[in-house]
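The primary structure of each chain is shown beneath.
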Amino acid sequence: MAYFRNRFVQRIVVLTGAGISAESGVPTFRDKDGLWEKHDPMDIATPEAFARDPALVYRFYNERRNKLSSVQPNLAHTALAQLQSHFPGEVFLVTQNVDDLHERGGSEQVCHMHGQLQAMLCTACNSSSPATVDYNSISVCPACTSRGTLRPDVVWFGEIPYFIEEIETQLASCDLFIAIGTSGLVYPAAGFVQHARLCGATTVEINREISDVTELFHHQRQGLATIEVPGLVRELLQQA
Ligand code: APR
């Protein structure tokens, strides 16, 4: 097992947000030049927006998925993968991100609570299939062959995130909760720090700046994810 700031640590939960992928060149949502500066999320990331203008929504998600081939995981992604493979206790990684950079950085366990760009969901049979090419309102579901029933397998505003029960179980039993690169503005993820604290965990935030929930954390490492995440992982593995 291991110690963090003289605290015994056996189970770690890591929550990541768009900030961990920023240095890979993936735009965040609310920073300068972020996605929500260019698009009103209510026009793109809600079931009502999809019903109103499916072509715009298909274009937005197809474009973001296609851009993934031009970005690479960064030192923060690879450091988390190292933590998952070398830490002597449990490490549960939950991400709000829909990119595949954690997986490409070496993480085998990744809980995508907001879904994934590289998956499409059929509204007829509710199955999720790999999105390897652009899809639209005349595409056919590979599972049930229905036509025109495919949507991005991404959790939109007003929808229930994936794996919430599993995440809450992990938060209730962890000794250390680490949040990386998230603004703490969107629930339920923004509430994870309070849940972990109430259950006795030590909490650490890594962010380039003060976030909406910084004051709820025991410890804050302010700086770039590619510097602070490897630094924290080294500290944890040295104590192991
Ligand atoms: N290193 C560390 N932190 C960074 C870096 C960096 N290089 N770059 C940006 N950040 C921080 C910003 O300071 C900000 O706090 O990352 C955070 C990004 O915040 P958002 O853009 O709001 O992204 P996120 O918190 O992931 O958004 C949550 O909102 O729109 C929904 O579904 C969407 O999953 C998303 C959710």
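Residues numbered from 1 in each chain as written. Predicted model: local features only at pLDDT ≥ 70, side-chain atom pairs only at ≥ 80, totals over all residues. Heavy atoms only, no water.

Asker: Just checking my understanding: could you explain the sheet that holds strand S7 (residues 128–130) for this structure?
Answerer: Whether parallel or antiparallel, the strands of a sheet pair through hydrogen bonds between backbone atoms. Strand order across the open sheet formed by 3 strands is S7-S6-S8, with antiparallel pairing between neighbours. On the outer flanks of this sheet lie S7 and strand S8 (150–154), each paired with one strand and no other. With direction set aside, neighbouring strand axes in the sheet form an average angle of 45°. Of the strand pairs in this sheet, strand S6 (residues 115–122) and S7 are connected by 3 bridges, and their pairing is antiparallel. Along S7, the bridge assignment pairs Ala119 with Pro130. (Pairing = 2+ DSSP bridges. Helix = DSSP H or I, 4+ residues; strand = E, 2+ residues; numbered from the N terminus. Axes fitted to C-alpha atoms, helices over the stretch in contact; angles between N-to-C directions.)

Asker: Looking at this model, I keep getting lost on empty space enclosed by the protein. Mind explaining?
Answerer: Here the idea is plain: a probe the size of a water molecule rolls over the atoms and shows the empty space left. Counted according to the given criterion, the structure contains 1 cavity of 30 Å³ or more. Estimated volume of the largest cavity: approximately 60 Å³. Considering the residues around the largest cavity, the lining is formed by 14 residues, among which Leu15, Thr182, Ala189, Ala190 and Val213 are closest to the centre. Among the elements of the structure, strand S9 (176–180) and helix H9 (192–198) are those that each provide at least two residues to the lining of the largest cavity. Residue composition of the lining of the largest cavity, by class: 11 nonpolar, 3 polar and no charged. (1 Å grid on protein atoms, 1.4 Å probe; cavity = no way out; pocket = protein on both sides within 12 Å on 5 of 7 lines; lining within 4 Å. Points joined across faces, edges and corners; volume = space filled by probe spheres on them. Nonpolar A, V, L, I, M, F, W, Y, C, P; charged D, E, K, R; others polar.)

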